[in-house]
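# Working through the structure, step by step
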Amino acid sequence: MANGFHESAMRRATAPFPSGPASSATVRRTLPWLGLMVLLWGISWPATKLALEVVPPLWLATIRFGSAALCLFAFTIARGSFRIPTRADWPIVASIGLFQMTAFTGLGMIAMTKVDTSRAVLLAYTTPLWGVVANWLIFQLKPSRRQIGALAVGLAGVALICSPWELDWNAPGVLVGSGLLLVAAMSWSVVILHIKRHRWDSSPLTLAPWQMLLAVVPLGGLAWCFEGPPTGIPVDARLLELLLFIGPVATSACFVISAEYGRRISTFAMSNLTLGVPLIGILASVVFLGSSISAPFAAGLVLVMGGMAVSALASKRH
């Protein structure tokens, strides 16, 4: 899936570097970079959909993280920040590498071969809603009334988007694809809870290439088993451009932006920025893929985005 680790990348960027109120000058220098990052992440969704027309989903996920890992290893070596993860950081390396990058991205890319991009990006970004449930079930942190209300509103939007008024339930793979996206979003939400509670020994940027490298192993193995060797992929200039954008640019370069500039504003502000990614992804799908937005989808979009916004605000106060 295109950049399924957006919010997690932002949380990782700010986790070991708690920051106070940023000055107006800092914000003016920071927001253009973060705005560019959100724009690239949003556009990466239709780019991934186009690449999936010729590259099998698990191989595409493998190529994405493999190329991004190489770029980030080169970057950390060049700046002198290359480190092998410490024993204390291996749990977060495993959590992000296996459950987020492998499970979330693998399931998401398979789902994107079955559902349209607009629905994929929106269902994938229901993660904050499932985070409320995960916090409740795993850590027994009872949600506030506002969080429960946000969850109800957001899930009503999910139900509408997956309803027979919006989905053709008879179309092959549509229900399965939508279900995979929701499972992927739930998996992502658990990883975000781990990120929030992990005591970081090394910086997120130092650990990122190791997490991506770890993800490449199971993704590549599963791709070989279920999709066969990647010998039949028709490589041309257009595909190479898409792969360059999806991996080195929208994954590794954007992660560097997140790590360098994300810590300069509050985590709450960073979380709010992620709300722009699905909106840009949906708009980009309309522009580049010719996707259409139906009335039920538009209503579901408003409910899901509203639920996520209220959930973020409630989490700040909770």
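We now turn to the structure provided with this report. If you're wondering where the values come from, they're calculated on a predicted model, not measured in any experiment. (Residues numbered from 1 in each chain as written. Predicted model: local features only at pLDDT ≥ 70, side-chain atom pairs only at ≥ 80, totals over all residues. Heavy atoms only, no water.)

### Here we look at the overall build of the chain
The line we're drawing: Where helices and strands are cited, they refer to DSSP runs of H or I of at least four residues and of E of at least two residues respectively, numbered from the N terminus. To sort residues, take the accessible area from a 1.4 Å probe on protein chains only and compare it with the maximum for the residue type: under 20% means buried, over 50% means exposed, and anything in between is partly exposed. We call two residues in contact when some of their heavy atoms are within 4.5 Å. Where accessible areas are quoted, they stem from the Shrake-Rupley method and a 1.4 Å probe; at the residue level, only the protein chains shown are allowed to cover.
Helix and strand content of the chain: 13 helices and zero strands. Each helix and strand of the chain, ordered N terminal to C terminal, gives the series α-α-α-α-α-α-α-α-α-α-α-α-α. Relative to its full complement of 318 residues, the chain shows a buried share of 53%. Pairs at least 24 residues apart make up 91% of the contacts formed inside the chain by residues separated by at least 6 positions. Working note: accessible area of the chain is about 13,600 Å², and carbon and sulfur atoms make up 69% of it.

### What to know about the packing of helix α6 (residues 127-139) against helix α8 (residues 174-197)
What counts here: Between the N-to-C directions of two axes lies an angle of 0 to 180 degrees, each axis being a line fitted to C-alpha atoms and, for a helix, fitted only over the stretch in contact. Angles below 35 degrees are treated as roughly parallel, those above 145 as roughly antiparallel, those between 65 and 115 as roughly perpendicular, and all remaining angles as oblique. By definition, turning the near helix anticlockwise from the far helix through less than a right angle yields a left-handed crossing, and turning it clockwise yields a right-handed one. All amino acids are sorted into three groups, where Ala, Val, Leu, Ile, Met, Phe, Trp, Tyr, Cys and Pro are nonpolar, Asp, Glu, Lys and Arg are charged, and the leftover types, Gly among them, are polar.
With their axes 8 Å apart at the nearest point, α6 and α8 run at an angle of 60° to one another. What the angle tells us is that α6 and α8 run oblique. α8 is crossed by α6, and the crossing has right-handed handedness. Across the interface between the two elements, T127, W130, G131, A134, N135, I138 and F139 from α6 touch L182, A185, M186, W188, S189, V190, I192, L193 and R197 from α8. Residues of the contact of α6 with α8, tallied by class, amount to eleven nonpolar, four polar and one charged.

### Concerning helix α10 (residues 237-261)
Since the α-helix advances by 3.6 residues per turn, residues separated by three or four positions end up pointing in the same direction. How we decide: Here the bend at each residue means the angle between axes fitted to two seven-residue stretches, the one ending at that residue and the one beginning there.
Along its length, α10 reaches its greatest deviation from straightness, about 30°, at F245, and the proline P248 lies no more than four positions downstream. Taken across its 25 residues, α10 has 18 buried, putting it largely inside the fold.

### With respect to the packing of aromatic side chains
Stated formally: Pairing of aromatic rings covers Phe, Tyr and Trp, the last counted by its six-membered ring, and requires centre-to-centre distances within 6.5 Å; plane angles under 30 degrees mean stacked, over 60 mean edge-to-face, and any other angle means tilted.
Tallied over the full model, the rule gives seven aromatic pairs. Seen in terms of ring centroids, F82 and W210 are 5.9 Å apart; in terms of plane orientation they differ by 40°. Their pairing is tilted. Of this pair, F82 sits in the loop between α3 (57-78) and α4 (90-112) while W210 sits in helix α9 (residues 204-227), and the two are 128 residues apart along the sequence. Since its relative accessible area comes to 33%, F82 is described here as partly exposed.

### As for the packing of α6 against helix α7 (residues 145-161)
Taken N-terminus to C-terminus, the directions of α6 and α7 make an angle of 135°; their axes are 10 Å apart at the nearest point. Put simply, α6 runs oblique to α7. As α6 runs across α7, the sense of the crossing is left-handed. When α6 is examined against α7, the residues L129, W130, V132 and V133 are found in contact with a partner set consisting of Q147, A150, L151, G154 and L155. Looking at side-chain class alone, the contact of α6 with α7 contains seven nonpolar, two polar and no charged residues.

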